[in-house]
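# Analysis of the macromolecular model
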Amino acid sequence: MTADTLEKVTVHQTSLAVWDIPTPAAGERFSIKVGAKSSADCALGARRVEVLDGESVVAAGQLGDAPWPDTDGLFWAEVELQAPDTPGLVALSVRFHAADPDQPHEGASASFNVSIIAKPEHTLTVKVIAGGVPIEDAIVRLGPIRASTDASGRAAVKLAKGRYELVVWKSGYDAPVTPIAIETDAFAQIDVRAVPQADPDAVWTA
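## Here we look at the overall build of the chain
- Each helix and strand in the chain was counted, giving one helix and 17 strands.
- Element-wise, carbon and sulfur atoms account for 49% of the exposed surface of the chain, whose accessible area totals about 11,700 Å².

Set out below in structure tokens:
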């Protein structure tokens, strides 16, 4: 084999990324984004990526022809999956298929976790105010569940029965962590305190 031939079969490395991983309810369908990048900045559009549970392929997709915006050659796909029927933490992995005689690449894999929650049965409506004024765009969080308040200061979240810690956060405000038990549809009003950003005593609850 000549040196020229050896040059032509140089195998490039591939790196993988997984993002936009949601927190689905048991039995729901959900999607993630998977991206692959070539060490030689080769175009990876139309290559196959797979999601595996152990050794079993549970979903697959094809990388698009255009890279993710504002990235240097991260070609990506949105892959849809089915959540298991039992809540808990699920360990999965993604795999990149490297077969291409014109632009050979090494195969690659990456692990990630998905938190599966119980099916929501009830709605909790949270109203966030400061001095009687509704606070818009405050983040409301109960465990892995998040929502943002609207112009009326309200956010609605779907929850399963159980006990939660209700956390409210917005830059420039301080709010207590509120324990809450969900047995049916419920309403909670949270009074936050405006805190100057330079205040050294400000404590952010997150």
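Still more ground to cover, so stick around.
## Quick look at the pattern of salt bridges
- Across all of its chains, the model carries six salt bridges by this definition.
- Between Glu80 and Arg29 there is a salt bridge, with the nearest N and O atoms lying 2.9 Å from each other. In this pair, Glu80 sits in strand 5 (residues 75-82) while Arg29 sits in strand 2 (residues 29-38), placing the two residues 51 residues apart along the sequence.
- In this structure Glu80 comes out as partly exposed when scored by relative accessible area, which is 48%.
- According to the relative accessible area criterion, Arg29 is partly exposed, its value standing at 48%.
- Residue Glu50 is joined to Arg95 by a salt bridge in which the shortest nitrogen-to-oxygen separation is 2.6 Å. Residue Glu50 is located in strand 3 (residues 48-53), and its partner Arg95 is located in strand 6 (residues 88-96); the two are separated by 45 residues in the primary sequence.
- A relative accessible area of 6% means that Glu50 is categorised as buried.
- Through salt bridges with shared partners, one network takes in Arg48, Glu50 and Arg95.

Here is what the cut-offs are and how they apply
- Residues numbered from 1 in each chain as written.
- Predicted model: local features only at pLDDT ≥ 70, side-chain atom pairs only at ≥ 80, totals over all residues.
- Heavy atoms only, no water.
- Helix = DSSP H or I, 4+ residues; strand = E, 2+ residues; numbered from the N terminus.
- Areas by Shrake-Rupley, 256 points an atom, 1.4 Å probe, with all protein chains shown as cover.
- Salt bridge = Lys/Arg side-chain N within 4 Å of Asp/Glu carboxyl O.
- Buried < 20%, exposed > 50% of the residue type's maximum accessible area, 1.4 Å probe, protein only.

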